[in-house]
Amino acid sequence: MPQRGRKNTVFQWLAGLVKNPYLTAVREGLTLALPLIIAGTLAILINTFPLPAYQEYMTGLFGPEWKLFGDYIHNGTFGVISVIMALNIGHSLAEDHNVKHPLNRVTPSIVATVTFSSLMCTMEPLAGGAFAMRWLSVHGLLLSIVISLLACSIFRFLLRFPVLRVAFYSGSTGASMSQAISAMIPAILTVLLFAGCKAAAKAYGLENPNESIYRMLSLPFQAMGSNHIETAVVYEFVRNALWFLGIHGSNVLEPVMQELYIPGMQANAAAYLAGLPPTVIFTKPFFDCYTSIGGAGSTLGLLIAILLRHRDNGAKNISRISILPSIFNINEILLFGLPVVLNPVFIVPFILVPVLASVISYFACLWGLVPLAIHDVAWNIPVFIDGYLATDSPRGSLLQLFNLVVAIAVYLPFVILDNRLKAQQFNENFKKLADAAVDGGPTDIGPRLLSIPGLIGGMAHNLAADLKMALKRNELYMEFQPQVDSDTGRVYGVESLMRWQHPHIGRIPPSVFIGLAEDTGHIVALGLWGIEESVRLMRVWRDAGLRDVSVAVNVSARQLEDASFPDKVMGILNKHRVPVDCLKLEVTESIALTSHMAENRVLARLHALNIRLAIDDFGMGHSSLTYLKKFPVATLKLDAILTRDVLASRSSCEIILSIAELCRSLNIDLLAEYVEDEAHLLKLRSLGCSNIQGYFYSPPLSAGEAFTFISGTHKAYGASPPPRGGAECGL
Ligand code: G
Ligand code: G
Ligand code: MN
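About the cut-offs
- Residues numbered from 1 in each chain as written.
- Chains lettered and ligands numbered in written order.
- Predicted model: local features only at pLDDT ≥ 70, side-chain atom pairs only at ≥ 80, totals over all residues.
- Heavy atoms only, no water.
- Near = heavy atom within 4 Å.
- Polar contact = N/O pair within 3.5 Å; in protein donor to acceptor, adjacent residues only side chain to side chain.
- Areas by Shrake-Rupley, 256 points an atom, 1.4 Å probe, with all protein chains shown as cover.
- Helix = DSSP H or I, 4+ residues; strand = E, 2+ residues; numbered from the N terminus.
- Nonpolar A, V, L, I, M, F, W, Y, C, P; charged D, E, K, R; others polar.
- Donors = N, O, S within 2.8 Å, 3.2 Å for Na, K, Ca; no water.
- Buried < 20%, exposed > 50% of the residue type's maximum accessible area, 1.4 Å probe, protein only.
- Axes fitted to C-alpha atoms, helices over the stretch in contact; angles between N-to-C directions.
- Parallel < 35°, antiparallel > 145°, perpendicular 65-115°, else oblique.
- Left-handed = near helix turned anticlockwise from the far one by under 90°.
- Contact = heavy atoms within 4.5 Å.

Here the focus is the site of ligand 2. Residues in contact with ligand 2 amount to 15 residues; listed here are only the nearest, Gln481, Glu495, Glu673, Glu676 and Tyr695. Between ligand 2 and aspartate 616 there is a distance of 3.2 Å, counted from an oxygen atom to a side-chain nitrogen or oxygen. At 2.5 Å, a side-chain N or O of glutamate 676 approaches a nitrogen atom of ligand 2. About the coverage of ligand 2: the protein hides 81% of its 520 Å² of free accessible area. Of all the secondary structure elements, the ones that give two or more residues to the shell around ligand 2 are strand S4 (490-502) and strand S8 (612-618). Taken together, the residues of the shell around ligand 2 break down into five nonpolar, three polar and seven charged.

On to the coordination of the manganese ion (ligand 3), then. Put simply, the ideal angle at a metal is 109.5 degrees for four donors in tetrahedral geometry and 90 or 180 degrees for six donors in octahedral geometry. The manganese ion (ligand 3) binds to the protein through Glu495 (OE), Asn554 (OD1), Glu586 (OE) and Asp616 (OD); the donor distances cover 2.1 to 2.4 Å. Donor residues for the manganese ion (ligand 3), ordered by position in the chain, follow E-x58-N-x31-E-x29-D. In this pair, glutamate 586 is assigned in strand S7 (residues 583-588) and aspartate 616 in strand S8, connecting sequence segments 30 residues apart. Owing to a relative accessible area of 1%, glutamate 586 belongs among the buried residues under this scheme.

Every residue close to ligand 1 is listed here: Met478, Leu497, Met498, Arg499, Pro510, Ile514, Ile523, Asn554, Val555, Ser556 and Gln559. Between ligand 1 and methionine 498, the relevant distance is 2.9 Å, taken from a nitrogen atom to a main-chain nitrogen or oxygen of the residue. Serine 556 is positioned with one of its side-chain polar atoms (N or O) 2.9 Å from a nitrogen atom of ligand 1. Of all the elements in the fold, those that place two or more residues in the shell around ligand 1 are S4 and helix H25 (510-520). The leading source of residues in the shell around ligand 1 is S4, at three residues.

Attention shifts here to the packing of helix H26 (residues 523-543) against helix H27 (residues 565-575). Contact pair H26 / H27: the axes reach a minimum separation of 9 Å and the direction vectors enclose 25°. As far as their axial angle goes, H27 and H26 are roughly parallel. Here the hand of the crossing between H26 and H27 comes out right-handed. Within the contact between the two elements, H26 uses Leu528, Ile531, Glu532 and Val535 and H27 uses Phe565, Lys568, Val569, Ile572, Leu573 and Lys575.

Next up on the list: the environment of isoleucine 318. Mapped onto the elements of the fold, isoleucine 318 is located in helix H19 (residues 313-327). A relative accessible area of 9% places isoleucine 318 in the buried class. Sequence-distant contacts of isoleucine 318, that is, excluding residues within four places in its chain, are made with Leu34, Ile333, Leu334, Gly337 and Leu338.

Put into structure tokens, the structure is as follows:
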């Protein structure tokens, strides 16, 4: 067992690390850059597609400069990815900034970007600008990430000091004006600090931090001049570790390639031409063919492992988009989109797989299982083909296959780990969303769930988008919970309850999806659909001889703002030839019985059309009972807190007694919900409440089950006389 305990501790540690706000900001920043990365990848593919016929065709069609088109896209996307990252990281960090200090969300982005560009600009006269494009591109990525995180942290730290926040009475100026001004001094100080550091560094002869980093990184190799397995292992280790940090590893180590592996290739090719056997194992094609299948990190193995075993849709979609470029060894979408870069889950396999592959391939060559490379091949020739072309032998392709299988096997456990981490994080966030949905009641001031900051709000947005398609895709349906007259045991009505079976997540609690529909306004359409489903069922039941049952449908505040709602409901009843007293609309007390609603024209119109109302969750709101007279209601449904408490609390009993009394005098039906056992049932009946809904009789049922259940009670207790308190549907 201690083994398992330790495993779980590591898992929890990793889960914590993955949730780290800075790493999250980096991941989100990369994800936000995805459109740009996909466009850039397409441009690489268009320009480098490794088919001579294609290259000739394009030259013939557009002239020798045809690659400019792709170059423009590439420079416009990957060429400025470091700037975009600064913007994105600022944006991601602003989300949790915002909770503590109301702040314009763009400000941290500006601070990060300005800081980065002030560090990257140079005073050397460059053609037409003061930036070396190189450092705005992928090559500046690590520095951009580090600087943005630092700058935003310092900015946020400075914001904490009230003296630094310029306060002024906003008066008629908008919120952005006052927010921008209050953040002004911390923002300026942050930029000044970094610019000061840069000036100081320059005074010591250190101008561009990137140049220095790159120079340092290639140092270890200057010592290792030998073309041996140790050098190859270190080369793969460093190259992929750099990629993991978001640095173009192959580019940094280009000197090694130039000094060792390209000459190695040339030596083999020369030997081959001279009719001699090749002698050098480590050549440029060695690395292109055997250790970077699908790109750095041999990520074709990762891609296949994800498609085989990952259950997360995001990861799967990114992998699907990556298939085509990965065939040509272009894996930026996977590296930045999944992402692999700075993702603690994938650091081990991402570095281990290429190192392993270099060792395996070394021995395969050493033992003569696979011939050495004698032809140079372009880096973007698809796997298996390049192995064959480089060695003139299918064994080259076989070794690639072997390495690919090893890559899949090494990546697989980490994909499963990622799966578990994502699932855990999803569940945590979903629970928070569900709690938020249950907590706050409806508000008049805009969205509740959609305005939650960060990942939870993001999840709310995703679900709201899914909900828009749910009706068309048949994911919504209604369930019906019987309402029973406990004196006779007969079912006199049902409450219809909307359900959403999400294709990937499963059943979504109604509090969540109804809350989302209220936020987006979609509830108006969904609500009408639910009413029509319920009314249609009444028609079906009546045709089947089940006549004296009514249906109660829940209605949200948003629906009562739609002036056409009452007439649409009436239209539905007419369409299905169902009498108006077969339908009840349930509105919660906190919505219906307020001064605001007393003036509501929709309620007045519903009343005029004789459409009956039930008041849900009655007894705990702060409503004034006088409103009960304003809109004659048919039914009061006791709040669950009251019914659950009746055995334990005297005051709940007193309250129910007086509500029962009130109902008798106003001729209103009283219904107790959430009745789960006989003790509660008996007590409630003794207090004057005999209409019961709850698990004691039945949970919500499908339409078919409800029909069977109701027919059963009607057979057992006879169809007449009509139950006391329950409404008989006329006609
Ligand atoms: O989890 P449960 O089924 O108990 O959730 C039911 C709650 O969801 C109800 O109290 C109601 O507020 C809401 N609800 C369920 N169905 C509908 C519906 O069709 N329309 C509206 N507006 N709300 C519904
Ligand atoms: O808020 P409203 O009354 O519309 O909520 C109805 C919801 O209450 C239904 O979704 C149903 O699933 C749930 N419900 C109905 N009866 C019981 C019960 O006896 N116990 C519990 N826990 N929930 C119930
Ligand atoms: Mn209800």
